[in-house]
Amino acid sequence: MSKLYNPSPEVLKKAHIKDYDKLYSESIKDPEKFWEGIAKELSWFKPWKKVLQWRYPFAKWFIGARCNIIHNVLDRHIKSGKGDKLALLWEGQDGKERKFTYKELNDEVSRLANGLKKLGVKKGDRISIYLPRLPEQIISMLACAKIGAIHSVVYCGFSVEALRTRITDAQTKVVITADGYHYRDKLIKTKHIVDEAAEGIKSVKHIIVVKRANNDIDMKQERDIWYDKLVKDMSTDCTTEEMSSEDPLFILYTSGSTGKPKAVVHVHGGYMVGIYATLKLIFNISDDDIWYCTADPGWITGHSYITYAPFILGITQFFYEGPPLYPDPGKWWSLIEKYKITKFYSTPTAIRASMRYGAEWPQKYDLSSLRILGTVGEPINPEAWEWYYEHIGHRRCPIMDTWWQTETGMQMISPLPSMPLKPGSAAKPFFGIVAEIMDKDGRVVETGKGGFLVLKTPWPSMLRTLYKNKKRYKKVYWGEISGVYFTGDAAKKDKDGYFWIEGRTDDVLKVAGYRFGTAELESAFVSHPSVVEAAVIGKPHEVKGQAIKAFVILKQGIEKTEELKNELKAHIKKEVGPIAKPEEIEFVDTLPKTRSGKIMRRILKAKELGKPVGDTSTLED
Ligand code: PRX
């Protein structure tokens, strides 16, 4: 039996939604009516003729409508007299502060949007953004959206190779980056990485460079331009492009079960409706909130709940440049005190890491401004949940354990503040969402039993397709179990209808909340001259949730040394990025395979964890 935490009278009193069950069943009976009601809270250039067109497995929402997400992020706040309200508070790792009101943010976005136009960027062009957590990272995304260009943000912890693949696939016209930045005490030479990644790629016409670290860089004549110089003389007037509700807003690469990352496509109309509704209702947003999400806009959490939704809701948000627990484990808690944060959204890995340093760190700070806490990205173990609840939320703040994916665009399964909470459970589906646990053949699994988590109906912020790859979209998401969206996660549902997410069932790992495909890591191993073959598994890790372990077959005659293990770790760091550095490498002579040659990672994992290996009838040897 898991513990149950009932909402306090104080939380209940303030809750936008007091009766989840009633609204949920109404929303399921008529999802189009529910979503239409939400959509009407936003501004559109022209309303829709039809809410949903569902030609399985392709959905279109708000058919015929004209809109632009920026019209809701900025324009409507300026128009309604909110221009002087603080939109963005930023603090650098070096303690430097910058502030933007809605008007100032709008001016910056318009200047850059005009700058991009001057460089020849047009509606539908792809722009890669490879920036650290600076205000310009957000401004760049917003400026692209404003003129109808499609942004492809690449997390700036990714390597040259990863960036190059993404620039090539997207046929990027402009890359926006920085000279460099400090990550902890290390200088990361971002512009150098971009120079290498873009080398010889014909589509790249310009590289815009934000000055941050003042390190020496090469500026290639005609191609490269300083951000400051570009926007300096630009007008703060720029008309927001009228888009169709189904026009793409961004592509975002994420890992799947093949080596090649796939680009998830999200659009203007439905996406803004979905992220607006979820942030508003799950985090019970009110006008005086100060939002702090610790994610990076390089990932979907940052797209939806940093760059877009908080601004659509017209609240003030805080954005921090530095990494977690730096320069000391009390940093985040000090920021909550300093900026009087009311809603804090982070990850289980960060909570577990903080736990390790002890409650004395948060105890140094006044956290009484907090009202609601959130977590995302991986399952949170009840122990970490309890610590978060006790030492950060002081037993006053409900924790929203939000389950969702790059593909879903918005939070899909989560408690609401007015719901009783069960530590470790993401609670119930959001309004309009039908989630179920099924077996491989599409049969609903008994209550309390594990199975595949699937989604049975379309939702407005769902991915529309994979960029240039409809076939893969159909196969990966709708081809596993016929008729439903396959999440790739294992889960169970308890007798109260609460969902318990257990983790990935496919060849995707979640390391510290970051998503990697085993194939992606394995091909990085094989690109090393000493390696013939490799298999990668995720092993439980106390802080990171999962850590990477690789089984590696070396070429004949290569010696199995510790030095080589370290060299391979460095190689993966270089090929994929520092976050993918394997925890453990084991040299082996063979790998378990099916007769058709597929590596059976399941067997490696079972053996590694001392568990029964299960069915081995397909094993070749
Ligand atoms: O396995 C689930 C896990 O993260 C996966 C999606 O990863 P990504 O696309 O990188 O998006 C992460 C941020 C939205 C899911 O398939 N996951 C996400 N949230 C949770 C979770 N697992 C358990 N509990 C969660 N709250």
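Use the structure listed above.
So, a few notes on the structure that sits alongside this text. (Residues numbered from 1 in each chain as written. Predicted model: local features only at pLDDT ≥ 70, side-chain atom pairs only at ≥ 80, totals over all residues. Heavy atoms only, no water.)

**Things to note about the sheet that holds strand S6 (residues 126-130)**
An order of S12-S11-S8-S6-S7-S14-S15-S25 is seen for the 8 strands of this open sheet, with the pairing classed as mixed. In this open sheet, the two strands that pair with only one neighbour each are strand S12 (224-226) and strand S25 (465-466). Note: S6 against strand S7 (residues 150-153), 4 bridges, orientation parallel. Bridge pairing links Ile-129 to Val-153 in S7. Each of S6, S7, strand S8 (174-178), strand S11 (206-210) and strand S14 (248-254) is contacted by helix H6 (residues 135-147), which is oriented at about 175 degrees to S6, the strand it contacts most. Sheet strands in contact with helix H10 (residues 268-282) are S14 and strand S15 (262-267), and its direction is about 85 degrees off that of S15. (Pairing = 2+ DSSP bridges. Helix = DSSP H or I, 4+ residues; strand = E, 2+ residues; numbered from the N terminus. Contact = heavy atoms within 4.5 Å. Axes fitted to C-alpha atoms, helices over the stretch in contact; angles between N-to-C directions.)

**Let's talk about the packing of helix H13 (residues 348-357) against helix H15 (residues 382-392)**
Taken N-terminus to C-terminus, the directions of H13 and H15 make an angle of 70 degrees; their axes are 10 Å apart at the nearest point. With respect to H15, the axis of H13 lies roughly perpendicular. Between H13 and H15, the residues in contact are Ile-351, Arg-352, Ser-354 and Met-355 and Glu-383, Ala-384, Trp-387 and Tyr-388, respectively. Looking at the contact of H13 with H15 residue by residue, the classes come out as 5 nonpolar, 1 polar and 2 charged. (Parallel < 35°, antiparallel > 145°, perpendicular 65-115°, else oblique. Nonpolar A, V, L, I, M, F, W, Y, C, P; charged D, E, K, R; others polar.)

**Comments concerning the side chain of Ser-140**
Inspection of the secondary structure puts Ser-140 in helix H6. Once you skip the residues sitting within four places of it in the chain, Ser-140 turns out to touch Leu-112, Ile-129, Leu-131, Ile-176 and Tyr-227.

**Here we look at the nonpolar core**
Grouped together as the largest cluster of nonpolar side chains are 147 residues, with contacts concentrated most on Ile-69 and Tyr-308. Ranked by residues supplied to this core, first place goes to H10 with 9 residues. Setting aside its immediate chain neighbours within four residues, Tyr-308 contacts Ile-69, Ile-70, Val-73, Met-141, Leu-142, Ala-145, His-151, Leu-249, Tyr-271, Ile-275 and His-303. Within the second largest apolar cluster, 41 residues are counted, among which are Ile-188, Val-209, Leu-564 and Phe-587. (Core = buried A, V, L, I, M, F, W, Y, C linked by side-chain atoms within 4.5 Å. Buried < 20%, exposed > 50% of the residue type's maximum accessible area, 1.4 Å probe, protein only.)

**Side note on the pattern of salt bridges**
If you walk through the whole model with that rule in mind, you get 52 salt bridges. In this structure, the salt-bridge partner of Arg-371 is Asp-288, at a minimum N-O distance of 3.3 Å. One end of the pair, Arg-371, is in the loop between helix H14 (360-363) and strand S19 (372-376); the other, Asp-288, is in the loop between H10 and strand S16 (290-293), and 83 residues separate them in sequence. Arg-504 serves as the salt-bridge partner of Asp-489, at 3.8 Å between the closest nitrogen and oxygen. Here the residue Asp-489 occupies a position in strand S26 (residues 485-493), and Arg-504 occupies one in strand S27 (residues 499-504), the gap between them amounting to 15 residues. Asp-489 gets classed as buried once you look at its relative accessible area, which sits at 6%. On the accessibility criterion, Arg-504 (23% relative accessible area) is partly exposed. (Salt bridge = Lys/Arg side-chain N within 4 Å of Asp/Glu carboxyl O.)

**Re the side chain of Gln-405**
Positionally, Gln-405 belongs in the loop between strand S20 (399-402) and strand S21 (413-414). Side-chain polar atoms of Gln-405 contact the backbone oxygen of Thr-487, separated by 2.7 Å. Beyond its immediate chain neighbours, meaning those up to four positions away, Gln-405 contacts Ile-300, Tyr-485, Thr-487, Asp-489 and Arg-504. (Polar contact = N/O pair within 3.5 Å; in protein donor to acceptor, adjacent residues only side chain to side chain.)

**Things to note about the sheet that holds strand S5 (residues 97-101)**
With respect to topology, 7 strands assemble into an open sheet ordered S5-S4-S17-S16-S18-S19-S20, the strand pairing being mixed. At either end of the open sheet lies a strand with only one pairing partner, and these are S5 and S20. Each neighbouring strand pair of the sheet contributes to a mean axis angle of 15 degrees, computed without reference to strand direction. For S19 and S20, the ladder comprises 4 bridges, and the chain directions are parallel. In the sheet register, Leu-373 faces S20, and the bridge partner there is Ile-399.

**Describing the environment of His-394**
Checked against the element boundaries, His-394 lands in the loop between H15 and S20. Judged by its relative accessible area of 38%, His-394 is partly exposed. For the pair His-394 and Arg-371, spaced 23 residues apart in sequence, the C-alpha to C-alpha distance is 10.0 Å. Ignoring any residue separated from it by four or fewer positions in sequence, one finds His-394 in contact with Leu-367 and Tyr-389.

**Overview of the site of the ligand**
Lining the immediate surroundings of the ligand are 17 residues, of which Asp-401, Thr-406, Asp-489, Arg-504 and Arg-515 lie closest. At 2.7 Å, a side-chain N or O of Asp-401 approaches a nitrogen atom of the ligand. The side chain of Arg-515 places a nitrogen or oxygen atom 2.6 Å from an oxygen atom of the ligand. Summarising the interface, the protein chains cover 96% of the accessible area of the ligand, which totals 540 Å² for the free molecule. Counting only elements with at least two residues in the shell around the ligand, the list comes to helix H11 (300-312), S20 and S27. Tallied by class, residues from the shell around the ligand come to 6 nonpolar, 5 polar and 6 charged. (Near = heavy atom within 4 Å. Areas by Shrake-Rupley, 256 points an atom, 1.4 Å probe, with all protein chains shown as cover.)

**Structural notes on the state of the cysteines**
Applying the stated criterion across every chain yields a total of 0 disulfides. Distance from the sulfur of Cys-67, which forms no disulfide, to the nearest cysteine sulfur (Cys-238) is 17 Å. Accessibility expressed as a relative area gives 0% for Cys-67, which makes it buried. The thiol of Cys-397 is not disulfide-bonded; the next cysteine sulfur, from Cys-293, is found 17 Å away. (Disulfide = S-S within 2.5 Å.)

**A closer look at the packing of aromatic side chains**
Any aromatic ring pair is given by two values, namely how distant the centres are and how the planes are angled relative to each other. For the structure shown, the criterion picks out 42 aromatic pairs. Taking the centre distance of 5.4 Å and the plane angle of 85 degrees together, the rings of Trp-459 and Tyr-485 count as edge-to-face. Highlighted residues: Trp-459 in the loop between strand S24 (451-455) and S25 and Tyr-485 in strand S26, separated in sequence by 26 residues. Of the two residues, Trp-459 and Tyr-485, neither departs from the other in class, the shared state being buried. (Phe/Tyr/Trp six-rings, centres within 6.5 Å; stacked < 30°, edge-to-face > 60°.)

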